[in-house]
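# Structural overview
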Amino acid sequence: MEITIFNERKKSTEKVHFSGTTIQELLHQLKINAETVLVTRNNEVLTEEEIVQEKDTLEILSVISGG
Amino acid sequence: MNCEKCGKKAVIVLQHGSLCKHHFIDHFESKVFKTINRFQLIGRNEKICVAASGGKDSLTVLYLTKKYLQENNIPLQNLFALVVDEGIQNYREHTIVDLERFCKDHAIILQKVKTEDEFGATLDKAYPLINKDEHKKPCNVCGVWRRYLLNKYARKYGAETLVTGHNLDDEAQAIMMNIFKANTKIAARLGPKSGIQEHDLFVQRVKPLYLCSDKEVRLYTLLKGFTIQFAECPYSSAGYRHQIQEMLNDFEEKYTGTKQGIVNSFLALLPALKETAPKAVETIKQCSLCQEPAEHDVCNACSMKEILKNAL
Ligand code: SF4
Ligand SMILES: [Zn+2]
Ligand SMILES: [Zn+2]
């Protein structure tokens, strides 16, 4: 499926092909450590077990202190 | 995943179970208040300065310190925030805007100090000049100056306690850095009540977010609707700390509870470390240039200022 991802840290929006099911698998595909981010959909925070839906727009927010 | 307390949709999975928005906020606030009580971080009659930057940790600690005072009927005139503007372009000016708005919205007095006014140049300008002589990374200069200014101005404005936004991640990183570098003397100054204690010139530093992870703090700010623009210091990836941070997050992902384990072990060892560390009253002198506390004739902040003066 194709989903849209806004990455807060990179300030970029990109389309991503994803063949898995959960947020956890998506983060794994993107090589993002789940400890370092929060994932939201329509301003709602998702846990790692949440299912990714076709045409989802997800935001990946960084939790790391910036300095 | 549903909340273990009410069955609503969970926003986070913690070691002991999943929580919904409402129960996470409750859990987080009570963890912070318990930390304050357990380690006796805030006294009834103290003037309290919150070291603030506008980032997620400082806004959270500022908000919850105020809430703690209110819930315990401690007068709010006891509270103010202090920000150090280091002069880091494309970074600090953004977080200060968020901080100013936040303090205005929450009726908290905000004091500002600029590195440039105190030392003669912004960090951006100063560190390459200081580096030439001393091979110091920006973070070394930044850290020395920020600690110096926070202590000096917190004291000047009458504070007995300096609240900082250091969280579980910061502490676990600091502990590992000091262990890797065999800095046991500095490690003895970590902990929820940190810095050099029992010395008139030092304002006691305390860390109410001591047991809260980066992820929990960011989630709290998000759920509370605090406005934070994501801003990252341009120098943050240059440091040793950054590598420790990555290592700890890799471990945490594989072995949940790693950071908490590091901090718990450290808390168990801390009394012994403090006992063997030299007493501050015996080792701390006053800087011959600025009269602030120093371990040598001239304090670290002034020696950097001197190098800068000669280079400008
Ligand atoms: S990353 Fe380094 S230079 Fe930037 S604010 Fe933190 S200590 Fe200062
Ligand atoms: Zn609940
Ligand atoms: Zn000095």
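Before going further, it helps to examine the interface of chain A and chain B. Residue-level contacts link 25 residues of chain A with 28 residues of chain B. Approximately 2200 Å² of surface area, both sides summed, lies buried where chain A meets chain B, with 51% of it carried by carbon and sulfur atoms. The interface formed by chain A and chain B contains 5 salt bridges. Ionic pairing is found between A:Glu50 and B:Lys9, a salt bridge with its closest N-O pair at 3.6 Å. The interface formed by chain A and chain B holds 10 residue pairs in polar contact (both at pLDDT 80 or more) in total.

Our focus in this paragraph is the coordination of the zinc ion (ligand 3). Residue and element names in this part refer to chain B. Looking at the zinc ion (ligand 3), one finds its protein donor set to be Cys 287 (SG), Cys 290 (SG), Cys 299 (SG) and Cys 302 (SG), positioned 2.2 to 2.3 Å from the metal centre. The coordination sphere of the zinc ion (ligand 3) comprises 4 donor atoms, whose angles at the metal cover 105 to 115°; the geometry is tetrahedral. Coordination of the zinc ion (ligand 3) draws on donor residues from a single chain, spaced C-x2-C-x8-C-x2-C in sequence. One end of the pair, Cys 290, is in the loop between strand E9 (285-286) and strand E10 (293-294); the other, Cys 302, is in helix H13 (residues 300-311), with 12 residues separating them in the sequence. The same class applies to Cys 290 as to Cys 302, namely buried.

Attention shifts here to the packing of helix H2 (residues 56-71) of chain B against helix H9 (residues 214-224) of chain B. Residues and elements named next belong to chain B. Look at H2 against H9: their axes get within 9 Å of each other, and the N-to-C directions meet at 65°. Between H2 and H9, the interaxial angle falls into the category roughly perpendicular. Read as a crossing pair, H2 and H9 show a hand that is left-handed. Where H2 approaches H9, its residues Lys 56, Asp 57, Thr 60, Tyr 63 and Leu 64 are matched on the opposing element by Asp 214, Val 217, Arg 218, Tyr 220, Thr 221 and Lys 224. Looking at the contact of H2 with H9 residue by residue, the class counts come to 4 nonpolar, 2 polar and 5 charged.

Parameters and conventions
Residues numbered from 1 in each chain as written. Chains lettered and ligands numbered in written order. Predicted model: local features only at pLDDT ≥ 70, side-chain atom pairs only at ≥ 80, totals over all residues. Heavy atoms only, no water. Contact = heavy atoms within 4.5 Å. Buried area = accessible area lost by both parts, 1.4 Å probe. Salt bridge = Lys/Arg side-chain N within 4 Å of Asp/Glu carboxyl O. Polar contact = N/O pair within 3.5 Å; in protein donor to acceptor, adjacent residues only side chain to side chain. Donors = N, O, S within 2.8 Å, 3.2 Å for Na, K, Ca; no water. Tetrahedral: all angles 85-135°; square planar, octahedral: opposite > 155°, others 65-115°. Helix = DSSP H or I, 4+ residues; strand = E, 2+ residues; numbered from the N terminus. Buried < 20%, exposed > 50% of the residue type's maximum accessible area, 1.4 Å probe, protein only. Axes fitted to C-alpha atoms, helices over the stretch in contact; angles between N-to-C directions. Parallel < 35°, antiparallel > 145°, perpendicular 65-115°, else oblique. Left-handed = near helix turned anticlockwise from the far one by under 90°. Nonpolar A, V, L, I, M, F, W, Y, C, P; charged D, E, K, R; others polar.

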